[in-house]
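Read off the chains here:
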Amino acid sequence: QLLYTMGLNAFYEYYPLWLVEQQQFTGLQIGLITAVLCAVMTTVSAVGMARLGNRLPALRSAKIAAFGVALMLFLLPFTSGQLAWLWLVLCGIPNAMFSAWFQVYCTEHFGELGLGRVMGLLTLLMCTGNVIIALAGGVIALLGASWILWTGSVFIALAGLMLVREQRRTAGMA
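Residues numbered from 1 in each chain as written. Predicted model: local features only at pLDDT ≥ 70, side-chain atom pairs only at ≥ 80, totals over all residues. Heavy atoms only, no water.

## Observations concerning the packing of aromatic side chains
Two aromatic rings, taken as a pair, are described by how far apart their centres are and by the angle between their planes. In total, this model carries ten aromatic pairs according to the counting rule given. Where Phe-78 meets Trp-150, the ring centres are 5.6 Å apart and the plane angle is 35°; that geometry is what we call tilted. Here the residue Phe-78 occupies a position in the loop between helix H3 (58-75) and helix H4 (81-90), and Trp-150 occupies one in helix H7 (residues 145-173), the gap between them amounting to 72 residues. Residue Trp-150 is classed as buried on the basis of its relative accessible area of 18%. (Phe/Tyr/Trp six-rings, centres within 6.5 Å; stacked < 30°, edge-to-face > 60°. Helix = DSSP H or I, 4+ residues; strand = E, 2+ residues; numbered from the N terminus. Buried < 20%, exposed > 50% of the residue type's maximum accessible area, 1.4 Å probe, protein only.)

Encoded structure:
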């Protein structure tokens, strides 16, 4: 989860820089795209995942969603113009799916430890990832905003690989 949150925070914290640096977006445009991104993620979480969330295996689905986010984030710096708008907003779809499925997996497999503890640990990892990527991202972004987005993509792909390993481990226990 720490790897995923580091990658996600690289996206959240540095896509505005990328939009200014590479796309010459204004503050208003960044505000609008952020609002649309949030609306898409909220809709996917509240509507889509409410219908789909329990129908598919949580760990397998989270793994696929993580690889989807990693791929979309990796490709984002290659977009421009209206495609950049659309692509950035679409990055929110697999991210919202990952968040829902990963939380379901954690509560299913570690809920006996106490849901408050599990959610507290996930929150701690998100905050830790935020601090780490804020510090490291500032240095990486000196190379260009695209580099921090690619770095985030790598962290998310590594998180996906960790989920592959976890899926194999849990399959071996069954």
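After that view, the rundown keeps rolling.
## Side note on unusual backbone geometry
Most peptide bonds take the trans form, and the phi angle of most residues other than glycine is negative. Phi at Gln-24 is positive, roughly 55°, even though this residue is not glycine. Looking at the secondary structure, you find Gln-24 in the loop between helix H1 (2-23) and helix H2 (27-52).

## Overview of the side chain of Lys-63
Topologically, Lys-63 is positioned in helix H3. Within the buried set, Lys-63 has no salt-bridge partner at all; the shortest N-O distance to an opposite charge, 12 Å, is to Glu-166. Ignoring any residue separated from it by four or fewer positions in sequence, one finds Lys-63 in contact with Gly-160, Leu-163, Val-164 and Gln-167. (Lys, Arg positive; Asp, Glu negative; His and termini not counted. Salt bridge = Lys/Arg side-chain N within 4 Å of Asp/Glu carboxyl O. Contact = heavy atoms within 4.5 Å.)

## Some points on H2
Along an α-helix, residues three or four positions apart point the same way, because every turn accommodates 3.6 residues. Here H2 contains 26 residues, and its C-alpha end-to-end distance of 35 Å stays within 8% of the 38 Å for a straight helix at 1.5 Å per residue. At Val-44, H2 shows its maximal kink, close to 30°. Contact partners of the buried residues in H2: H1, H4 and helix H5 (92-110). (Expected span 1.5 Å × (residues − 1). Bend = angle between axes of the 7 residues up to and from the residue.)

## Overview of the pattern of salt bridges
Counted according to the given criterion, the structure contains one salt bridge. Note that Arg-169 and Glu-166 form a salt bridge whose closest N and O atoms lie 2.7 Å from each other. Of this pair, Arg-169 and Glu-166 both sit in helix H7, separated by three residues, roughly a single helical turn.

## Description of the environment of Leu-163
Looking at the element boundaries, Leu-163 is found in helix H7. Residue classification places Leu-163 among the buried residues on the basis of a relative accessible area of 8%. Between the C-alpha atoms of Leu-163 and Asn-9, which are 154 residues apart in sequence, the distance is 19 Å. Beyond its immediate chain neighbours, meaning those up to four positions away, Leu-163 contacts Leu-59, Ala-62, Lys-63, Phe-98 and Phe-102.

## Some words on the nonpolar core
Tyr-4, Phe-11, Tyr-15, Leu-19, Leu-88 and Phe-98 are the most contacted members of the largest nonpolar core, which totals 40 residues. Among the elements of the structure, H1, H2, H3, H4, H5, helix H6 (115-140) and H7 are those that each provide at least two residues to this core. Considering every element that reaches this core, the biggest residue donor is H3, with nine residues. Filtering out sequence-adjacent residues up to four positions away, Leu-88 remains in contact with Phe-11, Tyr-15, Leu-19, Ile-33, Leu-37 and Leu-76. Listed in part, the seven residues of the second largest apolar core include Met-6, Tyr-14, Ala-141 and Ile-148. (Core = buried A, V, L, I, M, F, W, Y, C linked by side-chain atoms within 4.5 Å.)

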